[in-house]
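Summary of the model geometry
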Amino acid sequence: MTGRFSDPKHLLITGASSGIGAALAREYAAPGRRLALTGRNGERLAAVAAACRASGAEVSSTCLDVLDRDALARWIVAEDSHRPLDLVIANAGISAGTGAAGAESAEQARRIQAVNVEGVMNTVFPAIERLRPRGAGQIALMSSLAGFRGFPGAPAYCASKAMVRVWGESLRGHLAPAGIGVSVICPGYVESPMTAVNSFPMPFLMSAHRAARIVRRGLARNRARIAFPFPTYWAAWLLGTLPPGLTDALLRRLPEKS
Ligand SMILES: NC(=O)c1ccc[n+]([C@@H]2O[C@H](COP(=O)([O-])OP(=O)(O)OC[C@H]3O[C@@H](n4cnc5c(N)ncnc54)[C@H](OP(=O)(O)O)[C@@H]3O)[C@@H](O)[C@H]2O)c1
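Moving on, we get to the site of the ligand. Near the ligand lie 32 residues; those nearest to it are Ser17, Ser18, Asn41, Tyr157 and Ser192. Contact between the ligand and Gly15: an oxygen atom at 3.1 Å from a main-chain N or O atom of the residue. One nitrogen or oxygen atom from the side chain of Lys161 is found 2.9 Å from an oxygen atom belonging to the ligand. Its free accessible area being 890 Å², the ligand has 96% of it covered by the protein chains. Broken down by secondary-structure element, the contributors of at least two residues to the shell around the ligand are helix H1 (19-28), helix H4 (106-134), helix H5 (155-175) and helix H6 (193-196). A breakdown of the residues in the shell around the ligand according to their chemical character gives 14 nonpolar, 13 polar and 5 charged.

Relative orientation of the contacting elements H1 and helix H2 (residues 42-54) amounts to 15°, with a least axis distance of 8 Å. Judged on the interaxial angle alone, H2 and H1 are roughly parallel. The handedness of the crossing between H1 and H2 is right-handed. When H1 is examined against H2, the residues Ala22, Ala25 and Arg26 are found in contact with a partner set consisting of Val48, Ala51 and Cys52. Counted by class, the contact of H1 with H2 contains 5 nonpolar, no polar and 1 charged residues.

What follows covers the state of the cysteines. Considering all chains together, one arrives at 0 disulfides under this definition. Cysteine Cys186 shares no disulfide, and the gap to the nearest cysteine sulfur, in Cys158, comes to 12 Å. The class of Cys186 is buried, set by a relative accessible area of 0%.

Further remarks concern the pattern of salt bridges. In this structure the tally under the stated criterion is 10 salt bridges. Measuring nitrogen to oxygen at the nearest pair gives 3.0 Å for the salt bridge that ties Arg34 to Glu58. In this pair, Arg34 is assigned in strand E2 (residues 34-39) and Glu58 in strand E3 (residues 58-63), connecting sequence segments 24 residues apart. A relative accessible area of 39% means that Glu58 is categorised as partly exposed.

Let's shift gears to the pairing of strand E1 (residues 10-13). Of the two faces of E1, the one holding His10 and Leu12 and the one holding Leu11 and Ile13 are both buried throughout. Of the strand pairs in this sheet, E1 and E2 are connected by 4 bridges, and their pairing is parallel. Residue pairing in the sheet places Leu11 in a bridge with Leu35 of E2. Assessed by its sense of winding, the connection that carries the chain from E1 through H1 to E2 is right-handed. The pairing of E1 with strand E4 (residues 87-90) spans 3 bridges and is parallel. The residue of E4 that forms the bridge with Leu11 is Leu87.

Buried residues dominate strand E6 (residues 181-187), accounting for 7 of its 7 residues. Here E6 shows a buried face lined by Gly181, Ser183, Ile185 and Pro187 and a second buried face lined by Val182, Val184 and Cys186. As judged from the 5 bridges shared by strand E5 (residues 138-142) and E6, these two strands associate in the parallel manner. Paired with Gln138 across the two strands is Gly181, which belongs to E6. In this view, the connection linking E5 to its parallel neighbour E6 by way of H5 has right-handed handedness.

We now examine the side chain of Ser144. Take Ser144: it is sitting in the loop between E5 and H5. Side-chain polar atoms of Ser144 contact the backbone nitrogen of Ala146, separated by 2.9 Å. When sequence neighbours within four positions are dropped, the list of residues in contact with Ser144 reads Tyr157, Lys161, Ile185, Cys186 and Pro187.

So, how was this worked out
Residues numbered from 1 in each chain as written. Predicted model: local features only at pLDDT ≥ 70, side-chain atom pairs only at ≥ 80, totals over all residues. Heavy atoms only, no water. Near = heavy atom within 4 Å. Polar contact = N/O pair within 3.5 Å; in protein donor to acceptor, adjacent residues only side chain to side chain. Areas by Shrake-Rupley, 256 points an atom, 1.4 Å probe, with all protein chains shown as cover. Helix = DSSP H or I, 4+ residues; strand = E, 2+ residues; numbered from the N terminus. Nonpolar A, V, L, I, M, F, W, Y, C, P; charged D, E, K, R; others polar. Axes fitted to C-alpha atoms, helices over the stretch in contact; angles between N-to-C directions. Parallel < 35°, antiparallel > 145°, perpendicular 65-115°, else oblique. Left-handed = near helix turned anticlockwise from the far one by under 90°. Contact = heavy atoms within 4.5 Å. Disulfide = S-S within 2.5 Å. Buried < 20%, exposed > 50% of the residue type's maximum accessible area, 1.4 Å probe, protein only. Salt bridge = Lys/Arg side-chain N within 4 Å of Asp/Glu carboxyl O. Pairing = 2+ DSSP bridges. Right-handed = clockwise from strand over helix to strand, strands pointing away.

If you want it as structure tokens, here you go:
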């Protein structure tokens, strides 16, 4: 496929040390492409970087916490100065299951909001500052199908993903005149350490590799919303559309992360 966003040469991905972020890094890794990857776990990040280099990509990897706003901004500026960024994917995120505290305790809920919302803003704002003067480039924000309706099993997670989705959709129109593409990614269940802790059935669970391919296709077309798989997307969309009075009883029966 050809087009302005079809072949990004320099990509930056947060949360690249694991799951969907790692799969995206591997999906894009190819000769002639540079990947700037970050995560917190140095060992896993180095393994992903090595796999991407083996596929022919040039890779720069740095351990960072997305909550370290200044360090993250400095890194984004440094990577963009090295070679102009074409695509920035704000992917790093956590859920209740990622934390030691188990289900959404007050502390874990605050941490989810911090990483999933502030962490994404800490990535996106410095990226906008660099892309705007060039009138080029693309930003992708990792939301979730959980961002279409509040689910009792993951209140803070759903809220964080709803914020990211709506913010990204608004940014798309806001940044279009500046020539910057913005896409919001809304996956259903994807195999990763985040979902590995779920003991309940996950409809249409897919591999991170498959999810990364779908995301790449959507980004190449500059799609506003990359939501998948279709049956789960449709169900999430419908649940978000129907009056809560009609859906509360059903949603109360859904399982929680333990
Ligand atoms: N898996 C799903 O079913 C699913 C569905 C919809 C949306 N999502 C979203 O997709 C994104 C990736 O999730 P995943 O399933 O791939 O989970 P994952 O395997 O747990 O990966 C999460 C990534 O985020 C990084 N991360 C977490 N907190 C961070 C922080 N404070 N600073 C920097 N990096 C941090 C992790 O780095 P370290 O491990 O190195 O700390 C890791 O690379 C998340 O935003 C998630 O909400 C996932």
